[in-house]
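Listed here are the chains, written in short residue letters.
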Amino acid sequence: MWKTAKNKEPTTNRRCFSIVHQYIQRFNEVSGGKSAVIRVKSMTPGVTITQHVVNIPEGKSTPDFESTPMSENTKEGKVAIFKVVVKGDPKPEVTWRRAKGPITDKDKFHSKYDESTGEHILEIVKVSGAETDTYKCYAANEYGKAVCKATLTVIEDSNHPSDFRKLLRRSKEKPGGESDERFWQAMLKADKKDYERICTEFGVSDLHLILKKLEEKKEERAHNNYQDGTTAYDENGTEGHSFSSGGRTKNSNLKVMQKGKGLHQEDEEVHLFNTGRDLTDEEAMLLSTELIFSTVDFVIKIQELKAQEGDDALFACVLTHPLPKITWTGKGSTLEEGAKCSITVSDHKLIHRLLIKDCNSLDQGIYSAVAGVKSCSAWLVVQAESDPASAGMRRARKTTVASGAPIDLEKIAVEQQIKKREEMEKILAAVKAKHKEGQVAAMDKKSEGNSIDNTLDNSGCATREGGKRLGKPKNKKRMRSGQMDFDKVTDSNEGDFQDDDDFTGSVKKSKNRKHGQNGEHEQMGEDPNEPTSEDEASYSDESEDSLDQHKRSRRAKQSKMLKKVNGESTCPEEYSGYDEIEGITGAPTHSRRKRRGPLTEDVVIDIGVHFICGLSDVNAVINETAELTCKLSSEDCEGAWFRDGKKISPDHNFSVTNDGAIHKLVIIRCDEEHSGKYRFEADGRKTEAMINVKDPPRFNHADLKAFSEPVTVKAGHNAIFKLQFLGHEPVKIKWYSEGEELLDDNNTKIEKSASHSRLLLSRCQRRDTGEIKIKLKNEHGFIEAISQLIVLDKPTLPLGPAEVTEGSAICIEFRWRPPKDDGGSPVINYMVERQQVGRNTWKKIGEIPGIPSYRDTDVDHGRKYCYRIRAVTAEGTSEVMETDEMQAGTLAFPGPPAPPKVVSAYDDCVNISWAPPSNTGGSRILGYVLEKRKKGSNLWSAVNATDELIKVKKYAVKDVVMGMEYEFRVTAVNLSGIGEYSNPSEFVFARDPKKPPGKVSNLKVTESSYSHFVLTWTKPEDKPEIQDEAKGYFVEIRPAECLDWSRCNPTRIITTSFSVKGLKSMNMYWVRVIAVNDGGESAPEELANYVLAIPSPVRPKFTNHKMKSFMVVKAGNSVRITVNFEASPWPHVMWIKDNVPVTKRVTITNSDGSSQLLIPSSERSDSGIYSILVKNLAGQETFSTEVRVTDDPKPPGPVVLEETVPGTVTVIWEPSPDEKRDDRLHYTVSKLDFTKGNWTTVAEKLFNNKCTVCNIMPGREYHFRVYAENDMGVSAPSESPTCWKEKKKEKRVVSIPTRKECDLRCAPTFIVPLKFHAAPKGYECYMSCAVKGNPKPRITWYRNHISLNTDTNYYISNTCGVCSMLVLRVGPRDMGEYTIAAENALGRAECSTVLTVKE
């Protein structure tokens, strides 16, 4: 392990970036001004930034997104909302686009900006399947453009009856959600990048939960395959491999089991370390990281932090397995390394830390650490500055860690490493034991058969000669040998096992043997006498791959490890005639080697030396010590060290030590030439690591110690900071004061050179006091050094106002507060001066010690004084602080103390405490007098006498009677006398303490709405010696997204029901009830489920009982039907006409509790029965209205008169053209007797086309008229010819008596008065009434006593005494009192009504 700083990557991006800029500038020159774009990386994931110009002015920036929109799955008909927050200077212009079309429809897409939150919002109202698309947000200014995107998925609403068939068909085609077996099959076979797409297709939203279940299914499948005797493989179709850096975890789903014998055990699972194929470092790292992710967990989770504003906050966690990187999130967004956040990882990759710098209120929230599928979260609470006196001063920044007992993270990480190492050694021990058992069984089986002469080949392995074929019959599977399996676990060319300090570190590229892939056996068929070369081993694989030189040398060394049995040499079964190895996918592969000697029995094999812990890459610092360490399985094995292929010998630079099985190489003084690849070899095994010698900036220890000492100067003087350093040039130097970078100006001078830097601060002021920091950085790393600057100055004036602690006839005692800033030196003395009010001179009292209080005994009774105070330090005297007037010798009694509180009560004693009075009367409190009173009595009795004052603010009252109820009051006594009594305390029984009550029962919600709900419960039982009776209750709630409970009632209630008000509509709340009594509070009783702020289900019910079931409308006028109802939850409303859905020309408007049907311009075809259906989960209700659209009828056809009976006339006429379209049309017949000279109605409401008129006087002349009449009015008359003209007779004189004419004149009167009207805003309003009068009266309309006859907004008519007025567009100005006046020569009449306008 290296004892040096963490590896820092070389920061060479700046140089490359400048080359890119030079190329772009050259491109712009050649292309004639056409600009090339620059892609800039955003700190926010999912944002693409394009920079339009090369050089951006200082203070300006390209647009960027602080928050991006979230993809949404929204039900059809709902509202979809996307929100973004942008930044940039100048302020970017934000636009929205979609992939499949424009968003120009203003009624559908609403784009707006919220100034209070700084959010740009896109609202899509009443979404449908057509809005399913990808939406992009563009933020652009003159320097660049930023783009982010989000997807909108609209879930179709299949509640409409017409969609049931489609819904049924869809449900048959694709069962949705995670219950669909096809979903899991697709997830098991898919790549990780396709997980989100598959979840979207199947309607699964919780991806985090699905990943956990997917991991369980993979493990379950691997376990089933293991029980079936097959080899587990990855679901993605790739072979299951494991590496030395990450394959030792027990829960990994990539496992290889031997079938039949050897390693086949359910309680031990051995992982392959050789994959059978060559992998790049990146592929190996990726696969090993995926293995770790499935089993990684947190040993120590991050804890809640409470940091002061301006301090740093440090989160830390410890993992069970090493990971090079975990994901940190804060308040819903991923955190990256930057100026605000610092993310660090320990050398062994187990401890991960997140540092939040310079905390403020915006940093408060929930922070999470995500490692694989595991995560942990904690709150960061930022507290404001608690000391207001130091709010304006700079202070050193502190780092806040988790509260509680300190935890040694390094110790826990080391324990975790040791635990993992012990697990690995147990696995190796089990492998060795299984290997020996398998080897013995294999050799026993081989010993059966004919004896064949044995010879030895060049490697020392025994081969069988004369046999026609070795192995088993064709097409019969063979078992792998124990030696082969053991080699796969323990024998790795690049270092078998890496150290746990870097368990997921550099995974070396495997160099394994390649085997043929065919499953057929071949016969050897060789001549026994055929000569075989000693240096050649022939293989007959299909691939014909040859072993490299390193493999041959390692096998040669292994052959030397074989022991002699009966004087003959043997070899491990790995090198036997047929070595059939079962591949990763289950297909057998073959490896055959020629042998020249007979096989022997009972071969005992030594597995050899292997690495317990290999080398790890190290970053070393020049001129410092570096160390490489590895550990072997044997203490007796020697090894050799190599650098870049050359053997290292100990000298003045290199030290090679061996402590048992631990081998170390120490570079005493590192130099640049020591960088390279180092290798350690022992017994044919090797491990390698890289050494990178770097030259970062660094300080001499003595210089750094001198620099760290604070620099103290007086105000107005100069301060100098200088420091020597070493490091690879160029070194970038920056100086900071309290975190702000210092630049050269009139008061600041910075000198820089290759080996030192100097900071000169001229004319320092007190405000310059603070932290001074130098930061050095080069391409190898950076370093910081911190010092303190203390500027001394005279103190500020003492803080007032002065508080009088005692004012009597003989003295005045007062105190004040010390100066806010003592100037860097402590206050030594205070200078006090006194002036008597009314005089102009000040008397110098002198200097007093540095205690901010003074007692003046040289005062006259009744006089007033003022004082001036100055603070004195070693640096000077402060400005003066002058007090208010203070009077000596006045009687000032103390105010009342706070009401006493009962601390505890017993049968023979009651303990009382109280707070002192806020007003002491200007002198000190000498003591207190306590009184008590029984309940129901008016007499107070003293507990203590006035000459035995109570000096403390508590007292035990023992003069009580058991079971009686008492209350107490207290008064304070000062030098002036007894003050005012306090308010009495609460009543308390003199008895032993009670037991707390039990939990309430039967807690439930009986009523709910959008803003409140009502709780009821049953009081707890009274159980003696266990729980006493409850005296009251507290109700507490908390929103679902909050963790803190809040009490709804500040004082306890005695009823067993409570109404919780002030809720937010549709929010979720948790509720609990706590019972209380004098003994304390009970355990809270909480509802099992949360409460949703919605009303209880209510069956739809119509609330307007004056709705018309029949209405007549004149053609061309509007038809408006308004229905009011109540229902919960919000019902589904549907209008139909004659049992058919209404057409598009009908406008339906639904609001909270009402629905309106509107036909702007009616036609006769609109006549019919209109019904409204209001339906929710509680039931449904229906109401129907018949609407008849008609017009003034057309007159009937020609009229014919017939006389069939004397004295009667039959009037016959042709029907009106409207008779066929209006079944309510009828006729009226009028008769004119020329003798009388007036028209009279002879018949009405006739539904046929003829009428017989009686009482016709012969010889008189008659005239008839026929009218068509319907619900709208009367048509023009159709007149008949004249009937029966009077015959000429002889004149005769008849004396006719004179008769008096009948006077039909009358004053105006209203037959039908005006009605009250309430019309919606923007609609028409029709008023009408009926008036009679002779002569015909003149009609005038008024609004608020102003004539409307000439106003064009009102249409006024008078037909046959029916007076009507139509308000064309009702608005707020039309509200008021309307009056109609009818006037003729005989009189005047008025009728009034009121019009109200609905919003």
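Every value quoted in this text rests on a predicted model; they were computed, and no experiment measured them.

Moving on, we come to the overall build of the protein chain. For the protein chain, the count of helices and strands is ten helices and 92 strands. When burial is assessed residue by residue, the protein chain has 41% of its 1399 residues classed as buried. Relative to all contacts within the protein chain whose residues are 6 or more apart in sequence, the contacts with residues 24 or more apart total 65%.

Our next topic: the environment of Ile-302. Structurally, Ile-302 can be placed in the loop between β11 (298–300) and β12 (305–308). As a C-alpha pair, Ile-302 and Ser-375 span 73 residues in sequence and 9.8 Å in three-dimensional space. Not counting the four nearest positions on each side in its chain, Ile-302 is found in contact with Phe-315, Ala-316, Cys-317, Trp-328, Tyr-367, Ser-368, Ala-369, Cys-376, Ser-377 and Ala-378.

The mixed open sheet is built from five strands, whose spatial order is β85-β92-β91-β87-β88. Across the chains shown, the open sheet's two edge strands, defined by having one partner strand only, are β85 (1317–1320) and β88 (1346–1347).

Here the focus is the sheet that holds strand β63 (residues 1057–1060). With antiparallel pairing, the three strands of this open sheet are ordered in space as β59-β60-β63. Among the strands making up the open sheet, the edge pair consists of β59 (1001–1008) and β63. Pairs of neighbouring strands in the sheet enclose a mean axial angle of 20°, with direction left out of account. As defined by bridge partners, β59 adjoins strand β60 (residues 1013–1018) across five bridges and the pair is classed as antiparallel. Among the inter-strand pairings, Glu-1007 is bridged to a residue of β60, identified as Val-1014.

Looking now at the confidence of the model for the protein chain. On average, the protein chain scores 77 in pLDDT, and the residues at 70 or more come to 76%. The model gives residues 1285–1289 a pLDDT under 50, and that stretch makes three contacts with residues more than four places away or in other chains.

Turning our attention to the state of the cysteines. Applying the stated criterion across every chain yields a total of zero disulfides. This cysteine, Cys-359, is not joined by any disulfide, and Cys-341 carries the nearest cysteine sulfur, 9.3 Å off.

Side chains on a regular strand alternate between the two faces of the sheet. For strand β74 (residues 1154–1159), the buried fraction is high: six of the six residues fall into the buried class. Summarising the sheet, strand β73 (residues 1147–1151) and β74 pair through five bridges and their orientation is antiparallel. When the bridges of β74 are listed, Ser-1151 appears paired with Ser-1154. What sits between the antiparallel neighbours β73 and β74 is a turn of two residues, in which Gly-1153 has the positive phi angle 90°.

Our next topic: the pairing of strand β80 (residues 1238–1246). Bridge analysis of strand β79 (residues 1226–1233) against β80 gives six bridges, and the strand direction is antiparallel. Looking at β80, one finds that Lys-1231 is bridged to Thr-1240. Two successive antiparallel strands, β79 and β80, enclose a turn made up of four residues, where Gly-1237 displays a positive phi of approximately 80°.

Moving on, we get to the nonpolar core. Counting 24 residues, the largest nonpolar core has Phe-315, Ile-326, Trp-328, Leu-354, Ile-356 and Leu-380 as the members making the most contacts within it. Within the residue set of this core, elements represented by two or more residues are β12, β13 (312–319), β17 (351–356), β18 (365–371) and β19 (374–383). Core analysis: the next-biggest nonpolar cluster, separate from the first, contains 23 residues, Val-618, Leu-632, Cys-670 and Ala-689 among them.

Attention shifts here to the pattern of salt bridges. Using the criterion set out here, one finds 46 salt bridges in the structure. As a salt-bridge pair, Arg-855 and Glu-813 come within 2.8 Å of each other at their nearest N and O atoms. Note that Arg-855 is positioned in strand β46 (residues 853–856) and Glu-813 in strand β43 (residues 812–817), a separation of 42 residues in sequence. Through salt bridges with shared partners, a single ionic network connects Glu-806, Glu-813, Arg-855 and Arg-924.

Looking now at the packing of aromatic side chains. The full count for this structure, using the stated rule, is 19 aromatic pairs. An angle of 70° between the planes, with centres 5.1 Å apart, marks the rings of Phe-183 and Trp-184 as edge-to-face. Here the two residues Phe-183 and Trp-184 agree in accessibility, since each one is buried. Feature note: the residues Phe-814, Trp-816, Tyr-830, Tyr-854 and Tyr-867 constitute an aromatic cluster, connected by ring pairs. One Lys or Arg, Lys-217, reaches over the ring of Trp-184 and ends 5.0 Å from the middle of that ring. One cation-aromatic arrangement involves Arg-969 over Trp-940; the distance from NZ or CZ to the ring centre is 4.4 Å.

By the element assignment, Thr-1393 lies in strand β92 (residues 1387–1398). Looking at Thr-1393, the relative accessible area reads 6%, which means it is buried. At a separation of 2.6 Å, a polar atom in the side chain of Thr-1393 contacts the main-chain carbonyl oxygen of Lys-1315. Not counting the four nearest positions on each side in its chain, Thr-1393 is found in contact with Leu-1314, Lys-1315, Phe-1316, His-1317, Met-1327, Gly-1376, Glu-1377 and Tyr-1378.

On the surface, a cluster of negative charge is contributed by Asp-347, Asp-408, Glu-410 and Glu-415. Within the secondary structure, Glu-415 sits in helix α7 (residues 409–446). Looking at Glu-415, the relative accessible area reads 44%, which means it is partly exposed.

Take the environment of Gly-46 next. Structurally, Gly-46 can be placed in the loop between β1 (38–41) and β2 (48–51). Under the relative-accessibility criterion, Gly-46 is labelled exposed at 62%.

With that settled, the discussion passes to a nonpolar patch on the surface. Together, Ile-366, Trp-379 and Leu-1043 make up an exposed nonpolar region whose accessible area comes to about 300 Å². With respect to the helices and strands, Trp-379 occurs in strand β19.

A few words now on the side chain of Asn-778. With respect to the element layout, Asn-778 can be found in strand β40 (residues 770–778). Classification of Asn-778 by relative accessible area gives buried; the value is 4%. A distance of 3.0 Å separates the side chain of Asn-778 from the backbone nitrogen of His-780, its partner in a polar contact.

It is worth spelling out unusual backbone geometry at this point. Cis rather than trans, the peptide bond between Glu-729 and Pro-730 has omega equal to 0°. Considering the arrangement of structural elements, one finds Pro-730 in the loop between β35 (719–724) and β36 (732–737). Of note, the amide linkage connecting Gly-800 to Pro-801 takes the cis form, showing an omega dihedral of 0°. Of note, Pro-801 is situated in strand β42 (residues 799–807). Residue Met-1066 is not a glycine yet carries a positive backbone phi of 65°.

Position of Ser-937 among the secondary structure elements: in the loop between β53 (925–934) and β54 (941–942). Of the residues examined, Ser-937 reaches a relative accessible area of 28% and is grouped as partly exposed. With 29 residues separating them in the primary sequence, Ser-937 and Tyr-966 have C-alpha atoms 9.8 Å apart. Polar side-chain contacts of Ser-937 include one of 3.2 Å to the backbone nitrogen of Leu-939.

What counts and what doesn't
- Residues numbered from 1 in each chain as written.
- Predicted model: local features only at pLDDT ≥ 70, side-chain atom pairs only at ≥ 80, totals over all residues.
- Heavy atoms only, no water.
- Helix = DSSP H or I, 4+ residues; strand = E, 2+ residues; numbered from the N terminus.
- Buried < 20%, exposed > 50% of the residue type's maximum accessible area, 1.4 Å probe, protein only.
- Contact = heavy atoms within 4.5 Å.
- Pairing = 2+ DSSP bridges.
- Axes fitted to C-alpha atoms, helices over the stretch in contact; angles between N-to-C directions.
- pLDDT = per-residue confidence, 0-100.
- Disulfide = S-S within 2.5 Å.
- Core = buried A, V, L, I, M, F, W, Y, C linked by side-chain atoms within 4.5 Å.
- Salt bridge = Lys/Arg side-chain N within 4 Å of Asp/Glu carboxyl O.
- Phe/Tyr/Trp six-rings, centres within 6.5 Å; stacked < 30°, edge-to-face > 60°.
- Lys NZ or Arg CZ within 6 Å of the ring centre and 35° of its normal.
- Polar contact = N/O pair within 3.5 Å; in protein donor to acceptor, adjacent residues only side chain to side chain.
- Patch = residues over 30% accessible without salt bridge, like charges linked within 9 Å, V, L, I, M, F, W, Y side chains within 5 Å.
- Areas by Shrake-Rupley, 256 points an atom, 1.4 Å probe, with all protein chains shown as cover.
- Lys, Arg positive; Asp, Glu negative; His and termini not counted.
- Charge placed at Lys NZ, Arg CZ, Asp CG, Glu CD.

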